[in-house]
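# Descriptive analysis of the structure
Residues per chain are reported as follows:
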Amino acid sequence: MSERLDAIIIGAGMGGLSAAIKLASAGLRVRVYEAEDAPGGKLGAEVVDGVEFDTGPSLLTMSSVFSEVFAAAGSTLEDELELVRLDPAFHYIWPDGTELEVRHELGDTLESVREALGPKAEAEYAAFMEYSRESGSRRGRTSSTARRPTSSA
Ligand SMILES: Cc1cc2nc3c(=O)[nH]c(=O)nc-3n(C[C@H](O)[C@H](O)[C@H](O)COP(=O)(O)OP(=O)(O)OC[C@H]3O[C@@H](n4cnc5c(N)ncnc54)[C@H](O)[C@@H]3O)c2cc1C
């Protein structure tokens, strides 16, 4: 007799796995099908000449979303993953020599934007971050998730 399932998830990327965890945590019988040899989807790593490269995400921009998934399964994000806070999170270098750092603290990033791109860009960046903070708040998430990127290692 075949096993009765409540839900079938196609793809074991972050989206499929998150859905599967939430559904299974709610008591549904879930099966995940993945075409590749391993789960993860775009979240993967390749070793080239002994050096490991991320093939996709390295930055958790909205960690509260992951916290919700782990909480649904009775765990915590911190128990499951070692998070490493990088500062700067990014260092951009343009062909004309312009350099910009995205830092952990918004004020530091604004300073970097001003130095690299001028006060108009600084004001535009500040307005964008405020818009992001308000959007995050409307979805019930904290402003710090938009301001404080955290990398997974
Ligand atoms: C270079 C790069 C950098 C990125 N950086 C960041 C970052 O820093 N921060 C961030 O938040 N996001 C980042 N992203 C985006 C993030 O990787 C994706 O949003 C996320 O991984 C998508 O997850 P997903 O589950 O929706 O899809 P996917 O990861 O694409 O997973 C889909 C899965 O479904 C499987 N599948 C597809 N079709 C079938 C089928 N018919 N049968 C069975 N299995 C199937 C695939 O094999 C795959 O495993 C980055 C993406 C890339 C490419």
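Since this is a predicted model, take the numbers as computed values, not measurements.

The next point concerns the overall build of the protein chain. From N to C terminus, the protein chain includes 6 helices and 9 strands. In the protein chain, which comprises 153 residues, the proportion classed as buried is 6%. Within the protein chain, counting contacts between residues at least 6 apart in sequence, those at least 24 apart form 38% of the total.

Turning our attention to the site of the ligand. Among the 19 residues in the neighbourhood of the ligand, the closest are listed as Gly11, Gly13, Gly15, Gly41 and Pro57. Ranked by residue count, the leading element in the shell around the ligand is helix α1 (residues 14-25), at 3 residues. Split into classes, the residues belonging to the shell around the ligand amount to 8 nonpolar, 8 polar and 3 charged.

Attention now moves to the packing of helix α4 (residues 106-117) against helix α5 (residues 119-138). Packing of α4 against α5 leaves a shortest axis separation of 7 Å and a crossing angle of 150 degrees. Between α4 and α5, the crossing angle belongs to the class labelled roughly antiparallel. Taken as a pair, α4 and α5 cross one another with a handedness that is right-handed. Contacts between α4 and α5 involve Leu106, Leu110, Val113, Arg114 and Leu117 from the first element and Pro119, Ala121, Glu122, Tyr125, Ala126 and Met129 from the second.

A word on the environment of Phe70. With respect to the helices, strands and loops of the structure, Phe70 is situated in helix α2 (residues 63-72). Dropping the residues within four chain positions of it, Phe70 is found in contact with Ser75, Thr76, Leu77 and Glu80.

Two elements, strand β1 (residues 7-10) and strand β2 (residues 30-33), share 4 bridges in a ladder whose sense is parallel. Within β2, the residue paired with Ala7 across the bridge is Val30. The parallel pair β1 and β2 is bridged by α1, and the resulting crossover is right-handed.

Another point: unusual backbone geometry. That bond from Asp87 to Pro88 is cis: its omega, 5 degrees, falls within 30 degrees of zero. Along the chain, Pro88 falls in the loop between β6 (83-84) and β7 (90-93). In this structure, Asp49 takes a positive phi of about 50 degrees despite not being glycine. Along the chain, Asp49 falls in the loop between β3 (45-48) and β4 (51-54).

This brings us to the confidence of the model for the protein chain. Any region with low pLDDT has predicted coordinates that should not be read closely. Per-residue confidence for the protein chain averages 88 on the pLDDT scale, and 89% of its residues sit at or above 70. Taking the mean pLDDT of every element in the protein chain, the minimum, 39, falls on helix α6 (residues 144-147) and the maximum, 98, on β1. Here residues 142-153 is a poorly scored stretch, pLDDT under 50, and it has 37 contacts once near neighbours within four places are set aside; other chains count.

The rules behind each value
Residues numbered from 1 in each chain as written. Predicted model: local features only at pLDDT ≥ 70, side-chain atom pairs only at ≥ 80, totals over all residues. Helix = DSSP H or I, 4+ residues; strand = E, 2+ residues; numbered from the N terminus. Buried ≥ 20, exposed ≤ 12 C-beta atoms within 10 Å, placed from the backbone. Contact = placed C-beta atoms within 7 Å. Near = placed C-beta within 6 Å. Nonpolar A, V, L, I, M, F, W, Y, C, P; charged D, E, K, R; others polar. Axes fitted to C-alpha atoms, helices over the stretch in contact; angles between N-to-C directions. Parallel < 35°, antiparallel > 145°, perpendicular 65-115°, else oblique. Left-handed = near helix turned anticlockwise from the far one by under 90°. Pairing = 2+ DSSP bridges. Right-handed = clockwise from strand over helix to strand, strands pointing away. pLDDT = per-residue confidence, 0-100.

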